[in-house]
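Residue-level structure breakdown
These are the residues of each chain, in order.
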Amino acid sequence: MNRFTPIPLVVLWSSGFVGATLASRSAPAETTLLWRYVVAVVPLVGWALWTRRRYGARFLVREGVIGILAQGGYCLGVYRAADMGVLPGTSALVASLQPPLVAAVLWAGSGGRTDRRQALGLVTGMAGVLLVVGGDLGGAGGTAGLTAVGLGTLSLTAATLVAGRWAEPPGHGVMDSLAVQSVMALGSFAAVALATGTAAPPRDGDFWLAIAWLVVLPAFGGYGTYYYVLRTSGPVAVSAWLYLTPAVAALWAWPMFGEPLTVRAAVGFLIAAAGVAAVVRAKRPVSHSSTRGPQRRGDPAGCAAAGATAGTRSRSGRETRPDERARRRPDPAGPARRW
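In what follows, the accompanying structure is described. (Residues numbered from 1 in each chain as written. Predicted model: local features only at pLDDT ≥ 70, side-chain atom pairs only at ≥ 80, totals over all residues. Heavy atoms only, no water.)

1. A word on the pattern of salt bridges
A side chain with one charge can pair with a side chain of the opposite charge if their charged atoms come near. Across all of its chains, the model carries 6 salt bridges by this definition. Measuring nitrogen to oxygen at the nearest pair gives 3.4 Å for the salt bridge that ties Glu 168 to Arg 62. Highlighted residues: Glu 168 in the loop between helix H7 (142-165) and helix H8 (174-196) and Arg 62 in helix H3 (residues 57-83), separated in sequence by 106 residues. Overall, Arg 62 belongs to the buried group, its relative accessible area being 3%. (Salt bridge = Lys/Arg side-chain N within 4 Å of Asp/Glu carboxyl O. Helix = DSSP H or I, 4+ residues; strand = E, 2+ residues; numbered from the N terminus. Buried < 20%, exposed > 50% of the residue type's maximum accessible area, 1.4 Å probe, protein only.)

2. As for the environment of Phe 59
With respect to the secondary-structure elements, Phe 59 resides in helix H3. Filtering out sequence-adjacent residues up to four positions away, Phe 59 remains in contact with Glu 168, Pro 169, His 172, Asp 176, Ser 177 and Val 180. (Contact = heavy atoms within 4.5 Å.)

3. Describing the packing of aromatic side chains
By the definition in use, this model includes 10 aromatic pairs. With a centroid separation of 5.7 Å and 25° between ring planes, the pair formed by Trp 13 and Tyr 74 is classed as stacked. Of this pair, Trp 13 sits in helix H1 (residues 6-24) while Tyr 74 sits in helix H3, and the two are 61 residues apart along the sequence. What makes Trp 13 buried here is its relative accessible area of 6%. Pairing Tyr 226 with Tyr 227 gives two aromatic rings, centres 5.9 Å apart and planes at 80°, and the pair type is edge-to-face. (Phe/Tyr/Trp six-rings, centres within 6.5 Å; stacked < 30°, edge-to-face > 60°.)

4. Structural notes on unusual backbone geometry
A positive phi angle, near 55°, is found at Arg 52, a position not held by glycine. When you line up the elements, Arg 52 lands in the loop between helix H2 (29-50) and H3.

If you want it as structure tokens, here you go:
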């Protein structure tokens, strides 16, 4: 993974919380999400048709499940919370519960084995996040708004675990995943909007400005970089980077909504960054070492995700040699398979 890739991930992912607040001033969550995906699906489907992409049933089912969880359930929770008045930084704080949730599930699945540095990094990151916006938990939105974000976070957590453990058929890239998942999310939001009578968009220029923001920044940029880091680093590492989103979301909201920045938030950001660094460094030796003995058993998700998504390992965990990759049949889509 390019060492700088997580930077746009954090910036673009945090922009989604700001965009949800922007859109909530013009339309309910169901309307915003429907038209966000109407606009986003057009270029994605156009790209798939232009490059003559072919998707098997296994890939469609896998990406459909992930799309419903990661884009359908998660976005609906965040956008409903914005409708209830939950601030962007507070939503990002609740969503930052994902890293320990992912780590806890993987820890249980590995029989209780974990990396101490990784565990310490997760705890440190959460402490930093609480310093950034922890004081806002009792503010606007109340229990209902925080519950909505919490349910959305559980949905994204489930999607991250599914993506890490369910091997992806070879020959597909991030753009393929975005195309299929966005179509599935559009179908789910269309059903919800039609059932609730909220499908018609408002005649408001600010609404379409918010839609443009949501499509370009979080939809394409945020989810694209999220899946890329997930493919190259595994579920725990990509989740840990989300510890930095509350501070960045608060930074977005400072000029846009007049939310104040504090010294406590700056200190919290530095602590969260230290926690993320510990998690990422704890993951590096595993992804570049052999898969023998306790190393593979101690990190089943990281190795499985690398084999399932990045395409650098076989299912047995054996490193694929360059000359073996060269003998494989070339992808008819050419360079497009990467994105």
